[in-house]
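Inside the fold
Chain by chain, the residues:
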Number of protein chains: 2
Amino acid sequence: MKDTRTLWWDPEHQSIRYIEQTLLPQRYEIRECRSIGQLAAAIRRLGIRGAPALGVAGAFGIALAASRCRERTPERFRASIVRSAGLLRATRPTAVNLGWGIDRVLNAMQGAEGVAEARQRALAEAERVFAEDTACCHAIGEHGALLLPDPCTVLTHCNAGALACSSWGTALGVIRSAREAKKHVKVVACETRPLLQGARLTAWELAQDGIPVTVITDSMAADCMRAGAIDAVIVGADRITGEAVFNKIGTYMVAVAARFHAIPFYVAAPLSTFELTGKPCIIEERGRDEVARIGNRTFVPEGVPVKNPAFDATPLDLVSAIITERGVVRPPYPMKDLMLLKTQ
Amino acid sequence: MKDTRTLWWDPEHQSIRYIEQTLLPQRYEIRECRSIGQLAAAIRRLGIRGAPALGVAGAFGIALAASRCRERTPERFRASIVRSAGLLRATRPTAVNLGWGIDRVLNAMQGAEGVAEARQRALAEAERVFAEDTACCHAIGEHGALLLPDPCTVLTHCNAGALACSSWGTALGVIRSAREAKKHVKVVACETRPLLQGARLTAWELAQDGIPVTVITDSMAADCMRAGAIDAVIVGADRITGEAVFNKIGTYMVAVAARFHAIPFYVAAPLSTFELTGKPCIIEERGRDEVARIGNRTFVPEGVPVKNPAFDATPLDLVSAIITERGVVRPPYPMKDLMLLKTQ
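Residues numbered from 1 in each chain as written. Chains lettered and ligands numbered in written order. Predicted model: local features only at pLDDT ≥ 70, side-chain atom pairs only at ≥ 80, totals over all residues. Heavy atoms only, no water.

All names here are of chain A. Each assigned domain of chain A is listed with its residue range as follows: domain 1 (7-138) and domain 2 (147-343). Distance from the C-alpha centre of domain 1 to the C-alpha centre of domain 2: 25 Å. With both chains or domains summed, domain 1 and domain 2 bury close to 2,600 Å², and 57% of this area falls on carbon and sulfur atoms. Of all residues in domain 1, the largest losses of buried area upon contact with domain 2 belong to Arg-49, Thr-94 and Val-96, amounting jointly to 24% of the total for that side. Run the count over domain 1 and domain 2 and you get 1 salt bridge. Here Glu-284 ties to Arg-92 by a salt bridge, and the two come within 2.8 Å at their closest N and O atoms. Where domain 1 touches domain 2, the interface holds 17 residue pairs in polar contact (both at pLDDT 80 or more). Grouping the amino acids of the side of domain 1 that touches domain 2 by side-chain chemistry returns 18 nonpolar, 8 polar and 4 charged. (Domains from an automatic or database assignment. Buried area = accessible area lost by both parts, 1.4 Å probe. Salt bridge = Lys/Arg side-chain N within 4 Å of Asp/Glu carboxyl O. Polar contact = N/O pair within 3.5 Å; in protein donor to acceptor, adjacent residues only side chain to side chain. Nonpolar A, V, L, I, M, F, W, Y, C, P; charged D, E, K, R; others polar.)

Written as structure tokens, this is what we have:
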């Protein structure tokens with residue numbers, strides 16, 4: 001099975017390379033970020049997206065800032081990096097991994113003796129974040145694969161695949177690992193309006209790997225379940241709190257339908273997605289045109305408002321299990337167990 | 001309140017005029033059908049759509065066939081009309097109203113003395129079907145308006161409005177009648193993938209009438225319900241049997257979400273939509289491109305299959321009430337009561 005890398009450090013050009021996801025499936029294109037501004041723009045337009053990938057992007061972003069910063073005194077250098085971190089962090093307020101990746105690298109730079117060492121430490125830590133993410137996805141995959149019957153059809157929403165991570169994927173990592181273990185797994189991918197990450201990205205990366213996938217509109221999910229065509233749902237997460245899983249808008253609808261049809265609803269996510277401090281979660285509201293316009297056509301009449309929250313919240317009581325790199329957590333998800341897992 | 005006509009008979013040109021719905025909301029255009037072939041094509045591409053409108057189109061279609069047929073003997077004339085009826089009937093296999101409208105006019109032509117009288121009878125009956133449909137929508141509206149609290153926000157899926165009927169609408173007819181009765185009603189319209197009738201048509205016709213409407217992607221419906229933003233759901237129907245309501249794909253998903261959130265789920269439909277004979281219902285599967293392509297862009301990778309059923313089935317036990325022109329029917333919807341209503 002191929003193992004697509006989504007973004008990585010280019011040591012020759014001291015830059016970040018990434019697959020520009022807004023162009024898929026029509027065009028596969030590797031782009032380069034040579035500045036924090038370029039990286040922030042790529043993240044804002046969802047050229048790079050997906051919770052774990054944002055963690056890696058945050059980490060490499062700080063390494064990039066450190067590599068490019070021309071300040072010579074440690075104080076000014078530090079202040080410049082912190083400004084870059086702020087800029088990066090503001091691009092996607094809901095994704096907890098982005099801030100987590102940024103903080104991992106900022107912390108690793110603490111106590112460095114001079115600018116050169118700070119740069120080295122930043123890059124080394126960012127590479128560790130990348131490597132850990134890949135290892136993490138494989139661990140999630142192996143734990144999750146045990147939950148799937150053989151044969152089975154798994155419904156997924158949005159893209160929690162290689163393209164949402166450093167590689168391999170979380171929800172799709174489970175599917176890849178199950179297939180490596182010789183299970184016969186098919187996928188039904190919700191197209192995931194408004195930005196169609198399911199149709200564009202999930203279908204693309206599964207087809208690349210030869211994994212059978214069928215695309216449906218989001219509104220068909222319940223009908224497929226009623227027809228007995230779905231054995232399990234697996235989705236990723238952008239933030240998991242003590243109360244709810246925050247993930248792509250539409251996840252909650254699928255969770256409700258899964259509960260109604262007594263189909264297991266699994267969330268696959270690294271522990272870096274857990275945010276157990278009780279900080280309030282801001283749901284990012286994105287632009288009107290993402291809903292109103294598709295391609296070259298406008299579908300919503302002028303003057304008619306739209307809603308476009310990027311995420312919704314699925315209460316934990318609708319979640320059959322959370323698949324993490326340290327194992328599978330089951331209801332009632334006691335806070336102290338989650339905290340323990342996260343800090344071990 | 002304006003009362004848009006969707007399709008009508010043009011006596012001067014002996015043709016059918018209709019609003020070409022595939023062009024909305026970007027272009028408002030009245031087109032003409034001078035032959036059954038043109039009408040069948042308009043119905044197939046959904047230039048004319050919506051269960052009650054299809055009933056009216058079926059009726060006018062037979063009148064058109066009768067008006068244009070050049071056969072002089074009653075036998076050949078009749079045979080030609082029956083062929084036209086078959087062609088028209090095959091365009092949309094799920095919508096029961098289409099066949100019903102066709103049969104109404106075929107039956108009215110029975111026993112006519114000569115071709116000229118048959119033509120007259122056909123047109124007179126088609127005009128009656130048109131007038132009855134409008135009266136029917138107003139009656140549905142008035143019965144349904146009583147069910148809505150004041151103020152309230154109603155979620156609807158697809159377009160069961162003036163554009164789906166001769167005028168006024170069924171689900172949107174209830175909203176129009178409630179507003180005529182001075183109730184403060186706002187609408188949340190699901191965009192209704194794949195063909196976006198909610199975004200394009202429901203939003204357009206409500207905006208034309210100054211009724212507040214917000215468009216959401218289909219996947220946001222459950223999230224809006226969870227937020228307490230929805231007081232009731234009202235949808236139309238393409239076919240109501242003793243077991244289920246067949247309506248636009250995605251209706252079932254909304255019904256499941258409404259049940260989960262204890263929100264009333266109403267179906268507004270004329271009795272001509274009831275098909276109580278136990279005939280099996282064929283769910284029309286439409287083309288791949290409706291899901292895979294939007295505007296000028298392809299979103300599903302080549303070679304990846306899609307599903308595209310035009311309708312789904314919502315079991316009657318998820319339906320809080322059916323609003324008909326003869327009043328509101330409530331669970332457990334005993335077959336004999338439904339039959340009685342229909343045949344009265």
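Residue and element names in this part refer to chain B. Along the chain, Val-154 falls in strand β4 (residues 152-157). As for Val-154 and Ala-232, which are separated by 78 residues in sequence, their C-alpha atoms are 5.0 Å apart. Contact partners of Val-154, with chain neighbours within four places excluded, come to Leu-148, Ile-175, Val-185, Lys-186, Val-187, Val-188, Ala-232 and Ile-234. (Helix = DSSP H or I, 4+ residues; strand = E, 2+ residues; numbered from the N terminus. Contact = heavy atoms within 4.5 Å.)

Inspection of the entire model under this criterion finds 6 aromatic pairs over all chains. With 6.2 Å between their ring centres and 25 degrees between their planes, Trp9(B) and Phe60(B) make a pair best called stacked. Here Trp9(B), found in strand β1 (residues 7-10), pairs with Phe60(B), found in helix α2 (residues 51-68); they are 51 residues apart in sequence, far enough to count as distant. Residue Trp9(B) shares its accessibility class with Phe60(B), and that shared class is buried. Between Phe60(B) and Phe130(B), the aromatic rings sit 6.1 Å apart at their centres with planes inclined by 40 degrees, giving tilted as the arrangement. With Phe60(B) in helix α2 and Phe130(B) in helix α5 (residues 115-145), this residue pair connects regions lying 70 residues apart in the sequence. In terms of burial, Phe60(B) and Phe130(B) fall into one category: buried. Ring-pair connections join several aromatic residues into one group, and the members of that group are Trp9(A), Phe60(A) and Phe130(A). In this structure, Arg5(A) is placed above the aromatic ring of Trp8(A), and the distance from its NZ or CZ to the ring centre is 4.3 Å. Above the plane of the ring of Tyr252(A) lies Arg226(B), whose end atom (NZ or CZ) is 5.5 Å from the centre. (Phe/Tyr/Trp six-rings, centres within 6.5 Å; stacked < 30°, edge-to-face > 60°. Buried < 20%, exposed > 50% of the residue type's maximum accessible area, 1.4 Å probe, protein only. Lys NZ or Arg CZ within 6 Å of the ring centre and 35° of its normal.)

The next thing to look at is the interface of chain B and chain A. Counting residues at the interface gives 56 residues for chain B and 56 residues for chain A. Overall, the association of chain B and chain A removes approximately 4,700 Å² of surface from exposure, summing both partners, and the carbon and sulfur fraction of that is 69%. The tally of links between chain B and chain A comes to 2 salt bridges. Inspection of the chain B/chain A interface yields 13 residue pairs in polar contact (both at pLDDT 80 or more). At the level of secondary structure, the elements contributing two or more residues to the side of chain B that touches chain A comprise α7 (197-208), β6 (213-216), α8 (221-226), α9 (251-260), β12 (297-298) and β13 (311-315) of chain B. When residues in the side of chain B that touches chain A are grouped by element, the largest group, 7 residues, is from α9(B). Within the side of chain B that touches chain A, the residues separate by chemical class into 35 nonpolar, 11 polar and 10 charged.

Residues and elements named next belong to chain A. As defined by bridge partners, strand β5 (residues 185-190) adjoins strand β6 (residues 213-216) across 4 bridges and the pair is classed as parallel. Counterpart to Val-188 in the pairing with β6 is Thr-214. Note that the unit made of β5, helix α7 (residues 197-208) and β6 has a crossover that is right-handed. (Pairing = 2+ DSSP bridges. Right-handed = clockwise from strand over helix to strand, strands pointing away.)

Looking at soluble globular proteins, one finds that nonpolar side chains tend to be buried together. Counting 148 residues, the largest nonpolar core has Val233(A), Val267(A) and Val233(B) as its most contacted members. Not counting residues within four places of it along the chain, the set of residues in contact with Val233(B) comprises Leu155(B), Met225(B), Val254(B), Ala258(B), Ile263(B), Pro264(B), Phe265(B) and Tyr266(B). (Core = buried A, V, L, I, M, F, W, Y, C linked by side-chain atoms within 4.5 Å.)

For the pair chain B and chain A, the best superposition has an RMSD of 0.0 Å and corresponds to a rotation of 180 degrees with a translation of 0.0 Å parallel to the axis. One copy is carried onto the other by what is essentially a two-fold rotation axis. Among all residues of chain B, the minimum C-alpha distance to the rotation axis is found for Gly295(B), at 2.7 Å. Comparing interface residues between copies, 100% of those in chain B also lie at the interface in chain A; the contact surface is shared. (Least-squares fit on C-alpha atoms with pLDDT ≥ 70 in both.)

Two quantities define a packed helix pair, namely the angle between the axes and the distance from one axis to the other. Residues and elements named next belong to chain A. Direction vectors running N to C along helix α2 (residues 51-68) and helix α3 (residues 74-89) enclose 145 degrees, while the axes themselves pass 9 Å from each other. In this structure, α2 crosses over α3, and the sense of that crossing is right-handed. Packed against α2, whose contacting residues are Ala-57, Gly-58, Gly-61, Ile-62, Ala-65 and Ala-66, the element α3 presents Phe-77, Ile-81, Ser-84, Ala-85 and Leu-88 at the interface. Grouping the amino acids of the contact of α2 with α3 by side-chain chemistry returns 8 nonpolar, 3 polar and no charged. (Axes fitted to C-alpha atoms, helices over the stretch in contact; angles between N-to-C directions. Left-handed = near helix turned anticlockwise from the far one by under 90°.)

What follows deals with unusual backbone geometry. Omega for the peptide link from Leu24(A) to Pro25(A) comes to 0 degrees, which places this bond in the cis form. The omega torsion across Pro331(B) and Pro332(B) is 5 degrees, close enough to zero to call that bond cis. Its location among the elements puts Pro332(B) in the loop between β15 (327-329) and α11 (335-343). The phi dihedral of Thr192(A) falls on the positive side, at around 75 degrees, and the residue is not glycine.

The next point concerns the sheet that holds strand β1 (residues 7-10) of chain A. Where strands meet in a sheet, backbone hydrogen bonds hold them as pairs that are either parallel or antiparallel. Residues and elements named next belong to chain A. Taking strand neighbours across the sheet as the criterion, the 3 strands line up as β1-β2-β3 in an open arrangement whose pairing is antiparallel. With partners counted over all chains shown, the strands left at the sheet margins are β1 and β3 (30-33), one partner each. Averaged over all pairs of adjacent strands, the angle between strand axes in this sheet comes to 30 degrees, irrespective of strand direction. Note: strand β2 (residues 15-19) against β3, 4 bridges, orientation antiparallel. Within β3, the position partnered with Tyr-18 by the bridge is Arg-31. Across the sheet, helix α1 (residues 36-44) touches β2 and β3, and the angle it forms with β3 is around 135 degrees. Packed on one face of the sheet, α2 meets β1, β2 and β3 and runs near 20 degrees to β1.

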